[in-house]
Amino acid sequence: MDFIRSRQNIIINGKTGTGKTFLAEALAIRAIQEGFSAYYIRTATLLEEINLSRIDGSYTNLIKRFARYKLLILDDFGISPITADDATYHYCKIRGLSYNLLFVRYVMKMV
């Protein structure tokens, strides 16, 4: 779990059915066994939660919720075909979420 201690990212890619989700879940289980917090979410679900949180005003709480996990697994990233407009829209949301998560994680480490 050195990648967690070093705050590094891991990207697992491959064809459908090759065990990417299984491997990610195994990493999460191992992280939990070693005392780290972990959270698994499908990217489509995350995007839906972002949309809802912006509507109901809970976006800040959403960011804080995801920032507290030492290991955050985003599964099925880019698995569904989308239009160019959708890609730009979702990219901006993920990019904004990533920036906010990184910022909150950084600030939390300073305290």
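Residues numbered from 1 in each chain as written. Predicted model: local features only at pLDDT ≥ 70, side-chain atom pairs only at ≥ 80, totals over all residues. Heavy atoms only, no water.

In the structure shown here, the tally under the stated rule is 5 salt bridges. Between Glu 34 and Arg 30 there is a salt bridge, with its nearest N and O atoms 2.9 Å apart. Between Glu 49 and Arg 65 there is a salt bridge, with its nearest N and O atoms 2.9 Å apart. With Glu 49 in helix H3 (residues 43–56) and Arg 65 in helix H4 (residues 59–67), this pair connects stretches of sequence that are 16 residues apart. On the accessibility criterion, Arg 65 (26% relative accessible area) is partly exposed. Counted as one network, the salt bridges with shared partners bring together Asp 2, Arg 5, Arg 30 and Glu 34. (Salt bridge = Lys/Arg side-chain N within 4 Å of Asp/Glu carboxyl O. Helix = DSSP H or I, 4+ residues; strand = E, 2+ residues; numbered from the N terminus. Buried < 20%, exposed > 50% of the residue type's maximum accessible area, 1.4 Å probe, protein only.)

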